[in-house]
Amino acid sequence: DEKSVRDLLEEVLSQKGYEVETAEDGSRALRIAENENIEISLVDLRMPGMNGLELTSRLKERYPDMDVIIITGYGDRESAIKALRVGVYDFLPKPLSMEELLASVRRASEKRLLLQNYETLIHSIDGIVWEADAQIVRFSFVSKQAERLLGYPIERWLTEPTFWQNHIHPDD
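As the structure is a computational prediction, the values presented were derived from the model and not from experiment. (Residues numbered from 1 in each chain as written. Predicted model: local features only at pLDDT ≥ 70, side-chain atom pairs only at ≥ 80, totals over all residues. Heavy atoms only, no water.)

(A) Region of the structure containing the pattern of salt bridges. Throughout the structure, instances matching the rule amount to nine salt bridges. The partner of Arg 112 in a salt bridge is Glu 39, with the nearest N and O atoms 3.6 Å apart. Here Glu 39 lies in the loop between helix H2 (26-35) and strand S1 (40-44) and Arg 112 lies in helix H5 (residues 98-124), a separation of 73 residues in the sequence. Note on Arg 112: relative accessible area 15%, which makes it buried. A residue is classified by how much of its surface remains accessible, and Glu 39, at 35% relative accessible area, is partly exposed. Within the structure, one salt-bridge network assembled from shared partners comprises Glu 39, Asp 67, Lys 111 and Arg 112. (Salt bridge = Lys/Arg side-chain N within 4 Å of Asp/Glu carboxyl O. Helix = DSSP H or I, 4+ residues; strand = E, 2+ residues; numbered from the N terminus. Buried < 20%, exposed > 50% of the residue type's maximum accessible area, 1.4 Å probe, protein only.)

(B) Representation of the packing of H2 against helix H3 (residues 52-62) within the structure. Between H2 and H3, the shortest axis-to-axis distance is 10 Å and the interhelical angle comes to 15°. Relative to H3, H2 is oriented roughly parallel. Remark: the crossing between H2 and H3 carries right-handed chirality. Between H2 and H3, the residues in contact are Gly 26, Ala 29, Leu 30, Ala 33 and Glu 34 and Leu 55, Arg 58, Leu 59 and Arg 62, respectively. (Axes fitted to C-alpha atoms, helices over the stretch in contact; angles between N-to-C directions. Parallel < 35°, antiparallel > 145°, perpendicular 65-115°, else oblique. Left-handed = near helix turned anticlockwise from the far one by under 90°. Contact = heavy atoms within 4.5 Å.)

(C) Highlighting the nonpolar core. Val 43, Leu 55, Leu 59, Val 68, Ile 70 and Ala 83 are the most contacted members of the largest nonpolar core, which totals 18 residues. Counting residues per element, the ones that place at least two in this core are H2, H3 and strand S2 (67-72). Broken down by element, the residue count for this core peaks at four residues, all from H2. Residues contacting Ile 70, with those up to four places away along its chain left out, are Val 43, Leu 45, Gly 52, Thr 56, Ala 83, Val 88, Asp 90, Phe 91 and Leu 92. Formed by nine residues, the second largest nonpolar core is a distinct cluster that contains Leu 9, Ile 71, Leu 92 and Leu 102. (Core = buried A, V, L, I, M, F, W, Y, C linked by side-chain atoms within 4.5 Å.)

(D) The environment of Lys 3, seen in detail. Mapped onto the elements, Lys 3 comes out in helix H1 (residues 3-15). Owing to a relative accessible area of 52%, Lys 3 belongs among the exposed residues under this scheme. Separated by 20 residues in the primary sequence, Lys 3 and Ala 23 have C-alpha atoms spaced 9.1 Å apart.

(E) Spatial organisation of the sheet that holds S1. Across the sheet, three strands lie side by side as S1-S2-S3; this open sheet has parallel pairing. Each edge of the open sheet is held by one strand with a lone partner, namely S1 and strand S3 (90-93). The average undirected angle you get between the axes of adjacent strands in this sheet is 20°. Across four bridges, S2 lies against S3 in parallel orientation. Bridging across to S3, Thr 72 finds its partner in Pro 93. (Pairing = 2+ DSSP bridges.)

As structure tokens, then:
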């Protein structure tokens, strides 16, 4: 967004304890993301060079766990639907309410913390955590203990759709 808006957002978020990097366009934002561990990105829908949807798509492709919040003065229904399809966390219209922005950033941060706590908890359990329903049995998460117990890398359990079918007896 405009430099004055970027500076204001940087000041407000920094005062709330967030580490902030700013970028004047999508290309610069991608370069920052390559060199920094960016967890939450605030993206304007209309920017010089690539637009916010294109930037979001590229960020989500490279960093799927990054939460992207779109800020726009052009918040029509079609743009919001496109934004959701590329994986935005939130879509905020201008004029921007600082309270609404801070609430969105706080929710994204809390979600990340909950997921980190969940993963820590799961990895501390001896065994395999899996999800089942009447139609599908699939692993939603495999603990670090499972790799040691079963002798196969966790990545194979999580990324190969039929891996478990070939390695677990139906009666187990």
